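Residue-level structure breakdown
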Amino acid sequence: MAAPAQMLSDLGVTWVREDFQWHRIEPSPGAWEWTFTDVALQLLHERGIQVLGVLGPSVGWGTPEPGDGSDAVSYYPPDPAAFDAYVRAVVERYHPVVQHWEIWNEPDYGIFWQPDPDVAAYTRLLMQTAATIRSIDPQAQVVLGGINPFDSAFLRGVAEHGGWGSFDILAVHPY
């Protein structure tokens, strides 16, 4: 991991988007594996590279979806309590070096929120996760999961469900 971190530094990169993948960090309930993420963040931090930390997606054991592999990535909505425990552990561990947290990736896109995007469910997750992050680090910046394909109806839905004040930065993936 030192080689890519050094390459980023040599290129003058000052920010990266790092996925804090739940399936890698907590492959089974309560079994925390920090090695990969610790090393990655240490190497980036040593080079002065800021990190936008992405929280999510789910791990199979953390969803009510019976077809999910227990330690595999899942794009089904997580059990709220399990997701909150994961978020709390990650933010408590890394808030000294990560001050920006993106909640999920493209929750308005059916590939990344299955079986179909659900603005009400995402907004509940957003609000709970933002509250957890801010309880640990009040200065943290919360980023709304990157919206793609951009449809303002999803954003209006976040506002209608009370989530507009839960984030500081709106991310849009315009590709």
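Everything discussed here concerns the structure shown above.
At the junction of G56 and P57, the peptide bond is cis and its omega measures out at 5° in the coordinates. Its location among the elements puts P57 in the loop between β2 (50–55) and β3 (58–59). In this model, Q114 is joined to P115 through a cis peptide bond whose omega is 5°. Phi is positive for W104, close to 80°, though the residue is something other than glycine. Positionally, W104 belongs in the loop between β5 (100–103) and α5 (119–136). Look at W104 and you get buried, because its relative accessible area is 1%. Of note, the phi angle at E106 is positive, near 50°, even though the residue is not glycine. Mapping E106 onto the fold places it in the loop between β5 and α5. Take E106: its relative accessible area is 2%, and that puts it in the buried class.

Let us now look at the packing of aromatic side chains. Under the criterion given, the structure shown has 15 aromatic pairs. Measuring from centroid to centroid gives 5.5 Å for F20 and Y94, while their planes differ by 55°, and the two rings are tilted. Taken together, the positions of F20 in strand β1 (residues 15–20) and Y94 in helix α4 (residues 80–94) put the pair 74 residues apart, joining distant regions of the chain. As far as the burial class goes, F20 and Y94 line up, both buried. An aromatic cluster of at least three residues, connected via ring pairs, comprises W22, W61, F83, Y86, W104, W113, Y122 and F154.

Okay, the environment of V119 next. Note that V119 resides in helix α5. The class for V119 is buried, based on a relative accessible area of 19%. Spatially, the C-alpha atoms of V119 and G163 are 10.0 Å apart, while their sequence positions differ by 44 residues. Excluding anything up to four places from it in sequence, V119 contacts F154, G157, V158 and H161.

Taken as a whole and assessed by the stated rule, the structure comprises four salt bridges. A salt bridge links D38 to R93; the shortest N-O distance between them is 2.7 Å. Taken together, the residues D38 in helix α3 (residues 35–46) and R93 in helix α4 connect sequence positions 55 residues apart. Across the pair R47 and E46 runs a salt bridge, and its minimum N-O distance is 3.8 Å.

Of note, S166 is situated in the loop between α6 (152–160) and β7 (169–172). In contact with S166, other than residues within four places in its own chain, are L126, M127, A130, R134 and V142.

Attention now moves to a nonpolar patch on the surface. Together, M1, F36 and V39 give the surface a local cluster of nonpolar side chains, amounting to about 240 Å² of exposed area. On the basis of relative accessible area, V39 is assigned to the partly exposed category, the value being 33%.

Reading the values: the criteria
- Residues numbered from 1 in each chain as written.
- Predicted model: local features only at pLDDT ≥ 70, side-chain atom pairs only at ≥ 80, totals over all residues.
- Heavy atoms only, no water.
- Helix = DSSP H or I, 4+ residues; strand = E, 2+ residues; numbered from the N terminus.
- Buried < 20%, exposed > 50% of the residue type's maximum accessible area, 1.4 Å probe, protein only.
- Phe/Tyr/Trp six-rings, centres within 6.5 Å; stacked < 30°, edge-to-face > 60°.
- Contact = heavy atoms within 4.5 Å.
- Salt bridge = Lys/Arg side-chain N within 4 Å of Asp/Glu carboxyl O.
- Patch = residues over 30% accessible without salt bridge, like charges linked within 9 Å, V, L, I, M, F, W, Y side chains within 5 Å.
- Areas by Shrake-Rupley, 256 points an atom, 1.4 Å probe, with all protein chains shown as cover.

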